[in-house]
Amino acid sequence: MSGWPLVAAATVAQRHPAIIAVAVLYFVGVAVIATWATRRTHSAADYFAAGKGVGIVTLAVAAMASTLSGFAFIGGPGLVYSVGIGAVFIVLSAAVTNTMGAWVLAKRLRLLRETRGLFTIPDAIGARFSSPAAQGLAAVAMLVAIVGYMATNFLALGLVIDALFNTGLAAGVWIAMLVTLSYTLTGGMLAGVYTDLFEGVVKTVASVTVFWFVLRTGGGMTGISRAIMAVDARFLGPWGTMTAQSALSLFFVFGLGSLGQPHVLHKFYMLRDPRRLKWYPLIMSVVMTMTLLLFVGVGLAVRALVAQGRLAPLARPDDATAAFVLGFTPSVVAGLVFAGVIAAGMSTVNAFMNIGAAALTHDLPIAFGRRVHDELRWGRRWTLVLSVIAAAVAQWSGTLVAFLGIFGFGLFAATLVPSLAIGLNWKGATREGAIASIATGLTLTLVIETLVYARVLSLPGGVSTSGLSLVLSVLVFFGVSWLTRARAAGQLAADVAMVMDV
Amino acid sequence: MITRFALAAFVTSCLAVAGAYALAFLPGGAPVWSAWGVAVGGPGALAAIMLLGAARAGRVRLVVGAAIGLTFVVLAGAFALALLLPAAEGPGGPLWLGLPLRTAVVLYGVGITPLFFLPVAYAVSFDADTLTDADLARVRAAAVSRVA
């Protein structure tokens, strides 16, 4: 998610007091939840995995909130405005991925918590392959992506806070960091998961409301389509202005890659009663589809409004959401969307703070054969350190922050999907295969993204770094596992094998 | 049996995607037909890994197998139709539920249709196949004995 230049900071605050009021109410809501959760956080299990757990509705809505970052409200609609239907392929697999995640990972991760008391995603990889090295390598890969993701979201939050309260960008970044840090540091994942629930509801209500205004403003989908087709036939084609292979590649990466997103997957550990997983795909799919209406609708509506001459062409695609809600919805709805954007960023950052701290406090020490005695205290310290680093990167790294934010999803996918999603469902997988695939995903993503960023390398149309790294890490996983297949049985602990059999 | 089939289908799907990527590196870029590798490989990979996750003791219940198979048919079929149908997105082109036909097939077919049967198949089969009370008791007993 990038800038918000359309929203001239001072004028927004002066012309739309209702927006400020909704944003302030949102922050009050977060503060109340944080205070409640803080009183209930007493141990590392409380801090990293929400203690005794949460119900299925809370889990599903919180997982949706963590899945959809600010990109779903700003960058996504901007991309739809820019390249048309092709951008929708990023979220097109959502009708499938929630059920897929439930079948492939939810039950196994939740049962591993029963048998082993696990609370991190690298924990599961370590347990599956009886390998502290695989666990540590997965933690390193996650940390690389986490700092970038956090910095990108802090920058986005800083821009919105600056736009709303005229704080200046730097102050906005640090305010965003401090607010998110305050409830994460004190209330840990318990605060995180319940603020995620609150934020998820805000996002869903905002999205559905804005979509209603999209249809009303554009004359329904037919009116929107007719307006766009009159000026640009390709925009509303099935691939938009992209090639078919580029759009389909997005579907593949974001579909399969959803099985490697640790900030979403680790929430499965938190479910109080594993039998309630029965309803997870249904609830998650419904709320996610509702929340994605804004992603799809706003970009199309703004393109139609521009085609009809009712709105000036945007200077930057990322202005699409702001331009629509400020120009075509009441101030209260605009405030809800701004709150939704803040909610999206904070819920994602909160999850990353938590899993990043867990990687440093728990997974990396295990990789080196050590255990931290007071994981709660060290978890809080590492949360603070990670947050400060990410905020500093957001403030001072310039364009580097956008670069860091780009490869987060792909890096998670390429490093975690093979060893986690396939590893927990195939007894023939080996430790060597897991380590080789994580190393392949990490190296390829970093090297190719860096070369592309530095303009040393240019990938051909229809090929993305994320897609290439993901597919190669999967093939390396199978190839190395096959070569070392004689060792597979000896690397699988009896209790983990039982969980895989269930 | 199902596990082997799912693994083979998953690897084949990933190879199809890898093949499409490899073709893009040819001089002159990817040929138009290379998109078929991703159009079939993407849905194939998702369906195959779902089958792998849903299988128990190498088998899946009929309703689950049918739902996953239908998912592949709907996804790959929608992408295939979008690739095969002639473009008609110009001014005055026909609309279906407010969208040009090819786009409607993709958005409603891939983005909406699986919502009506996939989560339902999961819920319907959950108690009997995915996680029974006996399964949970067995896992919890193993946890206790591990601690002991």
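Residues numbered from 1 in each chain as written. Chains lettered and ligands numbered in written order. Predicted model: local features only at pLDDT ≥ 70, side-chain atom pairs only at ≥ 80, totals over all residues.

**Points about the overall build of chain A**
Line of reasoning, step 1. In terms of regular secondary structure, chain A is built from 22 helices and zero strands.
Line of reasoning, step 2. Against the globule reference of 23 Å for 502 residues, chain A gives a C-alpha radius of gyration of 22 Å, in line with a compact fold.
Line of reasoning, step 3. Viewed in the frame of its principal axes, chain A has a C-alpha envelope of about 70 × 50 × 45 Å.
Line of reasoning, step 4. Residues classed as buried in chain A amount to 67% of the 502 residues present.
Line of reasoning, step 5. Here the analysis covers contacts within chain A between residues at least 6 apart in sequence; of these, 84% occur between residues at least 24 apart. (Helix = DSSP H or I, 4+ residues; strand = E, 2+ residues; numbered from the N terminus. Rg over C-alpha atoms; globule rule 2.2 N^0.38 Å. Buried ≥ 20, exposed ≤ 12 C-beta atoms within 10 Å, placed from the backbone. Contact = placed C-beta atoms within 7 Å.)

**Quick word on the overall build of chain B**
Line of reasoning, step 1. Within chain B, the secondary structure is distributed over six helices and two strands.
Line of reasoning, step 2. Starting at the N terminus, the α and β elements of chain B follow one another as α-α-α-β-β-α-α-α.
Line of reasoning, step 3. Relative to the compact-globule value of 15 Å for 148 residues, chain B shows a C-alpha radius of gyration of 20 Å, a clear excess of over 25%.
Line of reasoning, step 4. Projected onto its principal axes, the C-alpha coordinates of chain B cover approximately 70 × 40 × 25 Å.
Line of reasoning, step 5. By the burial criterion, 45% of the 148 residues in chain B qualify as buried.
Line of reasoning, step 6. Restricting to contacts in chain B with at least 6 residues of sequence separation, those with at least 24 account for 67%.

**Remarks on the interface of chain A and chain B**
Line of reasoning, step 1. Each side of the interface is counted separately: chain A has 60 residues, and chain B has 60 residues.
Line of reasoning, step 2. If you list the elements that add at least two residues to the side of chain A that touches chain B, you get α6 (94–116), α10 (220–229), α11 (244–256), α13 (280–291), α21 (465–483) and α22 (494–501) of chain A.
Line of reasoning, step 3. Sorting elements by how many residues they give to the side of chain A that touches chain B places α6 of chain A first, with eleven residues.
Line of reasoning, step 4. When its residues are assigned to classes, the side of chain A that touches chain B shows 38 nonpolar, 16 polar and six charged. (Nonpolar A, V, L, I, M, F, W, Y, C, P; charged D, E, K, R; others polar.)

**With respect to the packing of helix α19 (residues 408–422) of chain A against α21 of chain A**
All names here are of chain A.
Line of reasoning, step 1. Here α19 crosses α21 at 20°, and the two axes come no closer than 8 Å. On the basis of the axis angle, α19 is roughly parallel to α21. With respect to the hand of their crossing, α19 and α21 are arranged in right-handed fashion. Counted together, Phe409, Gly410, Ala413, Ala414, Thr415, Val417, Pro418, Ser419 and Ile422 of α19 and Thr465, Ser466, Ser469, Leu470, Ser473, Val474 and Phe477 of α21 form the full contact between these two elements.
Line of reasoning, step 2. Taken together, the residues of the contact of α19 with α21 sort by class into nine nonpolar, seven polar and no charged. (Axes fitted to C-alpha atoms, helices over the stretch in contact; angles between N-to-C directions. Parallel < 35°, antiparallel > 145°, perpendicular 65-115°, else oblique. Left-handed = near helix turned anticlockwise from the far one by under 90°.)

**Quick word on helix α5 (residues 75–83) of chain A**
Residues and elements named next belong to chain A.
Line of reasoning, step 1. Buried residues dominate α5, accounting for eight of its nine residues.
Line of reasoning, step 2. Those residues of α5 lying buried are Gly75, Gly76, Pro77, Gly78, Leu79, Val80, Tyr81 and Val83.
Line of reasoning, step 3. The elements touched by buried residues of α5 are α14 (293–307) and α15 (320–328).

**Looking at α6 of chain A**
Residue and element names in this part refer to chain A.
Line of reasoning, step 1. With 23 residues, α6 extends 31 Å between its outermost C-alpha atoms, agreeing within 8% with the 33 Å of an ideal straight helix rising 1.5 Å per residue.
Line of reasoning, step 2. The buried fraction of α6 is high, at 21 of 23 residues.
Line of reasoning, step 3. Gly117 sits one or two residues past α6 and shows a positive phi near 70°. (Expected span 1.5 Å × (residues − 1).)

**Digging into the environment of Ala30 of chain B**
Line of reasoning, step 1. Its location among the elements puts Ala30 of chain B in the loop between α1 (2–24) and α2 (35–54).
Line of reasoning, step 2. Between the alpha carbons of Ala30 of chain B and Val60 of chain B there is a distance of 38 Å; along the sequence they are 30 residues apart.
Line of reasoning, step 3. Contacts of Ala30 of chain B, omitting those with residues within four sequence positions, involve Gln245, Pro460, Gly461 and Gly462 of chain A together with Ala20, Leu23 and Ala24 of chain B.

**Topic: the confidence of the model for chain B**
Line of reasoning, step 1. Confidence in the prediction for chain B averages 94 pLDDT; 100% of positions are at 70 or higher.
Line of reasoning, step 2. Model confidence for the complex: the whole-complex pTM is 0.92, and ipTM, which rates the interface, is 0.97. (pLDDT = per-residue confidence, 0-100.)

**What to know about unusual backbone geometry**
All names here are of chain A.
Line of reasoning, step 1. The residue Asn166 is not glycine, and still its phi comes out positive at about 55°.
Line of reasoning, step 2. Following the sequence through the fold, Asn166 ends up in the loop between α8 (132–165) and α9 (169–218).
Line of reasoning, step 3. Residue class for Asn166 comes out partly exposed when judged on the 16 C-beta atoms lying within 10 Å of it.
Line of reasoning, step 4. With a phi angle near 60°, Arg455 is a residue other than glycine that sits in the positive phi range.
Line of reasoning, step 5. In this structure, Arg455 sits in the loop between α20 (431–453) and α21.

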